[in-house]
Amino acid sequence: MSRLRVGVLISGRGSNLHALLAACADDTYPAEIVSVISNRSEVLGLELAQSAGICSSVISHDTREGFAARAEAVLHEQRVQLVCLAGFMRVLDGAFVDTWRDRMINIHPSLLPAFPGLHPQRQALAAGVRFTGCTVHFVRPEVDAGPIIAQAVVPTRPGDDEASLSARILSAEHRLYPLALRLIAEGRVQVGAGKVQIDGWQAPKLAMLNPREPPRRSRTIGWSRDPNSL
Ligand code: GRF
């Protein structure tokens, strides 16, 4: 099986990179990470890449054009087919985004198009939403915009602060990003008219409510399970 060759751009901690590396460690997973590029040195994500034996590069983001030219050279050298942004905290050069159109994806910790930009978890708490989540999408020149591939819904809870909500969303990100990458690597994802079609995609059947409904009790034949346990 030939695996999709993936380059990952990071700026920091790299926990999503770690989740992707863990997925790729399975020989049956249809993608492999062949390049990690960071715009900052001495970040945890680079250590992860190095200990996984993956070619890693530090490219400073002095200018958008300069970063793009050097990143492009590395990605070309490593024969990268798809770029994953994983906590890459700079706005990319427009020509670079165009070059990688429909071949570059990002993960953002909100249910886009709600709460793009910085501090989406803080924005969600300020808006008082009962659900937020995370989104994997194809990258377009506008920040945190582009056809949506996959989303995970995460409830807000009483007493949440930015840190607790961010941690809950992050754990969903670590499931969602490998899933989205798998779908692309399997050739099941197509973009058309600004939307994504996924072959063989199954959506969940039920709505999730927040606040939860009280458990249903029934003495008659029929449903008696707590719907929240589904
Ligand atoms: C994640 O929340 C991601 O959604 C956002 O930046 C954060 C990066 O975290 N784009 P990490 O570096 O992957 O741990």
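First, a word on what this report is: a plain description of the structure on this page. What you see is a predicted model; the values in this text were computed from it and never measured.

**Details of the sheet that holds strand β3 (residues 56-58)**
At step 1: Ordered by their spatial adjacency, seven strands build an open sheet running β3-β2-β1-β4-β5-β6-β7, and the pairing between neighbours is mixed. The outermost strands of the open sheet, each flanked by one partner alone, are β3 and β7 (148-155). When the angles between neighbouring strand axes are averaged without regard to direction, this sheet yields 20 degrees.
At step 2: With three bridges connecting them, strand β4 (residues 82-85) and strand β5 (residues 104-108) associate as parallel partners.

**Details of the packing of aromatic side chains**
At step 1: Enumeration according to the criterion identifies two aromatic pairs in this entry.
At step 2: Pairing F96 with W100 gives two aromatic rings, centres 6.4 Å apart and planes at 40 degrees, and the pair type is tilted.
At step 3: In this structure W100 comes out as buried when scored by relative accessible area, which is 3%.
At step 4: Above the ring of W100, the side-chain terminus of R103 is found at 4.2 Å from the ring centroid.

**Let's talk about the nonpolar core**
At step 1: Ranked by size, the top nonpolar core spans 43 residues in total, and within it V8, I33, C84, I105, I149 and L181 carry the most contacts.
At step 2: Per element, the largest residue contribution to this core is nine residues, and it comes from helix α6 (residues 162-185).
At step 3: Setting aside residues up to four positions removed in sequence, I33 forms contacts with V6, V8, L17, L20, L21, C24 and I54.
At step 4: Grouped together as the second largest cluster of nonpolar side chains are 19 residues, L9, I37, V83 and W100 included.

**Here's the deal with the site of the ligand**
At step 1: All residues in the neighbourhood of the ligand are listed as R13, G14, S15, N16, G87, I107, H108, P109, L170 and E173.
At step 2: Residue S15 places a side-chain N or O atom 2.5 Å away from an oxygen atom belonging to the ligand.
At step 3: Residue I107 places a main-chain N or O atom 3.0 Å away from a nitrogen atom belonging to the ligand.
At step 4: Its free accessible area being 370 Å², the ligand has 87% of it covered by the protein chains.
At step 5: Among the secondary structure elements, those contributing two or more residues to the shell around the ligand are α1 (15-24), β5 and α6.

**Notes on helix α3 (residues 64-77)**
An α-helix turns once per 3.6 residues; consequently, residues spaced three or four apart project the same way.
At step 1: Spanning 14 residues, α3 covers 20 Å between terminal C-alpha atoms, matching the ideal 20 Å at 1.5 Å per step.
At step 2: Turning to α3, its buried residues are F67, A68, A71, V74 and L75. Buried residues of α3 fall within an arc of 130 degrees about the axis and therefore sit on the same side. Along α3, the residues that are exposed and aim more than 90 degrees away from the buried face are E65, A69, H76 and E77.
At step 3: In this structure, the buried residues of α3 make contact with β1 (4-10), β2 (31-38), β3, β4 and α4 (94-99).
At step 4: R79 sits one or two positions beyond α3 and adopts a positive phi of about 55 degrees.

Parameters at a glance
- Residues numbered from 1 in each chain as written.
- Predicted model: local features only at pLDDT ≥ 70, side-chain atom pairs only at ≥ 80, totals over all residues.
- Heavy atoms only, no water.
- Pairing = 2+ DSSP bridges.
- Helix = DSSP H or I, 4+ residues; strand = E, 2+ residues; numbered from the N terminus.
- Axes fitted to C-alpha atoms, helices over the stretch in contact; angles between N-to-C directions.
- Phe/Tyr/Trp six-rings, centres within 6.5 Å; stacked < 30°, edge-to-face > 60°.
- Buried < 20%, exposed > 50% of the residue type's maximum accessible area, 1.4 Å probe, protein only.
- Lys NZ or Arg CZ within 6 Å of the ring centre and 35° of its normal.
- Core = buried A, V, L, I, M, F, W, Y, C linked by side-chain atoms within 4.5 Å.
- Contact = heavy atoms within 4.5 Å.
- Near = heavy atom within 4 Å.
- Polar contact = N/O pair within 3.5 Å; in protein donor to acceptor, adjacent residues only side chain to side chain.
- Areas by Shrake-Rupley, 256 points an atom, 1.4 Å probe, with all protein chains shown as cover.
- Expected span 1.5 Å × (residues − 1).
- Arc of directions from axis to C-beta.

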